[in-house]
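Descriptive structure summary
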Amino acid sequence: MSKILVTGGLGYIGSHTVVELQDEGYDVVIIDNLSNSSIEVLSRITSITGVKPAFEQIDLKNKEDVKQFFKKYTIDGVIHFAASKAVGESVDEPLKYYENNITTLTYVLKEMTANNVKNFIFSSSCTVYGQADELPITENAPTKPAESPYGATKKMGEIIIEDTTKATDLNAIALRYFNPIGAHETAKIGELPLGVPQNLIPYVVQTAAGIRECLSVFGDDYDTPDGTAIRDYIHVVDLAKAHIVALNRLLKNENKAKCEFFNIGTGTGSSVLDVINAFEKATNKKVNYKTVDRRAGDITSAFADTSLANKELGWKAELSLEVALASSWKWQESL
Ligand code: UFG
């Protein structure tokens, strides 16, 4: 049974991935510093899978702790989620982002190569494409200058990883996520936004729950059919499964390059109004909303061409937008 390190394994996408890994029989050890997660997630995962994953409360900024970790455990592969992820905050606190997302990445990669751990899955983002010139977006689309320090850390992360694969035995896959949404069907794990949500679905859900008065739709003058911006919303459970197939590919030496990149989305673009309508249909709840100005830094439209992931990973998103939104609502109700 392969032992897999999941950094940030108590976070939103990390926790769903741990569940899928355990369901596939992997032996999981989690590193998390609890900076944006709760220790309770560990027992939630355990109650879903029936197996308690090993857990080390480590801050990856502590180089010595990372070193000791790799001495203590014999690891077969690493799925690296641990990072800060708030776009707006990254503009105000760039050094926090470069330290949390880049310095820590170099420590993990350094200890992996020092300890002969060869398989690495990276949490990347479609943000590397910026506003792509052609839609749907393929992996060959050129990367664009980052809109934020957060986005810059994803671009730099990919470069650092690819350079490391060229110089060492490391093999890596960077998964470029589109917009992850939804929660586990058990409603035992989900996204826990701190304070006022910045992302669309948590805001929609909290508005429907009466926690927020009114959703602001950021702009209705985009060059799209209904004027609101378009994204590719992918169920977090589908996304979690993409990590398992990517990991299997590396463990079985089926990768075709030392460092590979895959888009992970549904392939379908939905506007903000599509999301509101789908949410109302899926839950029978009304969402109070008003249109306001565009949000700075937002692009018009992004959705994935997923044919490479379909072909090479044998992976395809299976859960619909309605199913994802219903799961977000169920999660909200459980809170
Ligand atoms: N939106 C609203 N009202 C809100 C929140 C969002 O109308 O209250 C709109 C946005 O303007 C955008 C869409 O809903 O058009 C989606 O916004 P999100 O904030 O949910 O997601 P983004 O696409 O802006 O950001 C996501 C991730 C980032 C990542 C980025 C990459 O959250 O981490 O994709 O493109 F950097």
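Data block above holds the structure.
Let me sum up the structure you'll find in this document. (Residues numbered from 1 in each chain as written. Predicted model: local features only at pLDDT ≥ 70, side-chain atom pairs only at ≥ 80, totals over all residues. Heavy atoms only, no water.)

1. Notes on the pattern of salt bridges
Going through the model one piece at a time under the given rule, you end up with 15 salt bridges. A salt bridge links Lys 72 to Glu 56; the shortest N-O distance between them is 2.7 Å. Note that Lys 72 is positioned in helix 3 (residues 63-72) and Glu 56 in strand 3 (residues 54-57), a separation of 16 residues in sequence. Taking the relative accessible area as the measure of exposure, Lys 72 reaches 57% and is therefore exposed. Look at Glu 56 and you get buried, because its relative accessible area is 17%. Ionic contacts of the salt-bridge type, sharing partners, join the residues Arg 249, Lys 256, Glu 260, Lys 311 and Glu 312 into one network. (Salt bridge = Lys/Arg side-chain N within 4 Å of Asp/Glu carboxyl O. Helix = DSSP H or I, 4+ residues; strand = E, 2+ residues; numbered from the N terminus. Buried < 20%, exposed > 50% of the residue type's maximum accessible area, 1.4 Å probe, protein only.)

2. As for empty space enclosed by the protein
Here the structure, examined in full by the defined rule, presents one cavity of 30 Å³ or more. His 80, Phe 81, Ala 82, Ala 83, Asn 101, Phe 122, Ser 123, Thr 153 and Lys 154 are the residues that line the largest cavity. Those elements that provide at least two residues to the lining of the largest cavity are strand 5 (119-125) and helix 6 (149-167). Per-class residue counts for the lining of the largest cavity are four nonpolar, four polar and one charged. (1 Å grid on protein atoms, 1.4 Å probe; cavity = no way out; pocket = protein on both sides within 12 Å on 5 of 7 lines; lining within 4 Å. Points joined across faces, edges and corners; volume = space filled by probe spheres on them. Nonpolar A, V, L, I, M, F, W, Y, C, P; charged D, E, K, R; others polar.)

3. Focus on the pairing of strand 5
Counting buried positions over the seven residues of strand 5 gives seven, a clear majority of the element. Residue alternation in strand 5 divides its side chains into two sets, Asn 119, Ile 121, Ser 123 and Ser 125 and Phe 120, Phe 122 and Ser 124, and both sets are buried. Two strands pair when backbone bridges link them, and strand 4 (residues 77-80) and strand 5 are joined in this way by three bridges, in the parallel orientation. Among the inter-strand pairings, Val 78 is bridged to a residue of strand 5, identified as Phe 120. In this sheet, strand 6 (residues 171-177) lies alongside strand 5 in parallel orientation, the contact comprising seven bridges. Across the sheet, residue Phe 122 finds its bridge partner in strand 6, namely Ala 174. Read from strand 5 through helix 6 to strand 6, the crossover connection turns out right-handed. (Pairing = 2+ DSSP bridges. Right-handed = clockwise from strand over helix to strand, strands pointing away.)

4. What about unusual backbone geometry?
In this model, Leu 135 is joined to Pro 136 through a cis peptide bond whose omega is -10°. Tracing the backbone shows Pro 136 in the loop between strand 5 and helix 6. The phi angle at Leu 34 is positive, at roughly 60°, despite the residue not being glycine. On the accessibility criterion, Leu 34 (23% relative accessible area) is partly exposed. Of note in this structure, Ala 187 is not a glycine but carries a positive phi near 60°. Counting through the fold element by element, Ala 187 comes out in the loop between strand 7 (179-181) and helix 7 (200-208).

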